[in-house]
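Working through the structure, step by step
One letter stands for each residue in the lines below.
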Amino acid sequence: MKGFLHQHFDYNFYCNKKLIEQCASMDQVPEKCIKLFSHILNAHHVWNHRIVGKPIEFDVWQTHKVENWQDIHYENQRTSFEIITNADDFAKRIDYENSEGRTFGNELKDILFHIVNHSTHHRGQILMDFRLAGIEPESLDYILYKR
């Protein structure tokens, strides 16, 4: 399980890094991209902090400047790798409150998988928005990453 999750978080890190680099090179980043990528970073932060029991510092839809994305991304990745490396039970139930204050619980493995899947979902939206704006997005397919 650790190997599987490390591999998927490596892929997630790679994709986010490529997207950050592409956006940093643009004169004007589409507003929807800023909103969605900030959300990717915030959600990853929120889930990490729920898992480790730390106070959440970002609202899920808070926007960040493009120049701050890399630092938030690196911290998210570092924390997730620490969680995965130190986990001894991926079936452990994590209880948390959602953004509306409702209490839920999920297994650690499902939360970790959700972080990567959620990021992939919103990156797809960003890449579609790029195409609509006439910007050629980088290919972020998993199989290309593994080649």
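Conventions we followed
Residues numbered from 1 in each chain as written. Predicted model: local features only at pLDDT ≥ 70, side-chain atom pairs only at ≥ 80, totals over all residues. Heavy atoms only, no water. Phe/Tyr/Trp six-rings, centres within 6.5 Å; stacked < 30°, edge-to-face > 60°. Helix = DSSP H or I, 4+ residues; strand = E, 2+ residues; numbered from the N terminus. Buried < 20%, exposed > 50% of the residue type's maximum accessible area, 1.4 Å probe, protein only. Lys NZ or Arg CZ within 6 Å of the ring centre and 35° of its normal. Pairing = 2+ DSSP bridges.

**Here we look at the packing of aromatic side chains**
Under the definition given, this model contains eight aromatic pairs. Seen from their ring centres, Tyr11 and Tyr145 are 5.3 Å apart, and the 55° between their planes marks the pair as tilted. You can see Tyr11 sitting in helix α1 (residues 2-24) and its partner Tyr145 sitting in helix α5 (residues 142-146), a full 134 residues away along the chain. By relative accessible area, Tyr145 is classed as partly exposed at 24%. A cation over an aromatic ring shows up here: Lys35 above the ring of Trp61, its NZ or CZ 5.2 Å from the ring centre. Note that Arg123 overlies the ring of Tyr11, its terminal NZ or CZ placed 6.0 Å from the centroid.

**Quick word on the pairing of strand β1 (residues 93-97)**
Burial along β1 is one-sided: Ile94 and Tyr96 are buried, while Arg93, Asp95 and Glu97, pointing the other way, are not. In the sheet, β1 pairs with strand β2 (residues 103-107) via five bridges, with the strands oriented antiparallel. In the sheet register, Glu97 faces β2, and the bridge partner there is Thr103. Count of turn residues in the β1/β2 antiparallel hairpin: five residues, of which Gly101 carries a positive phi of about 85°.

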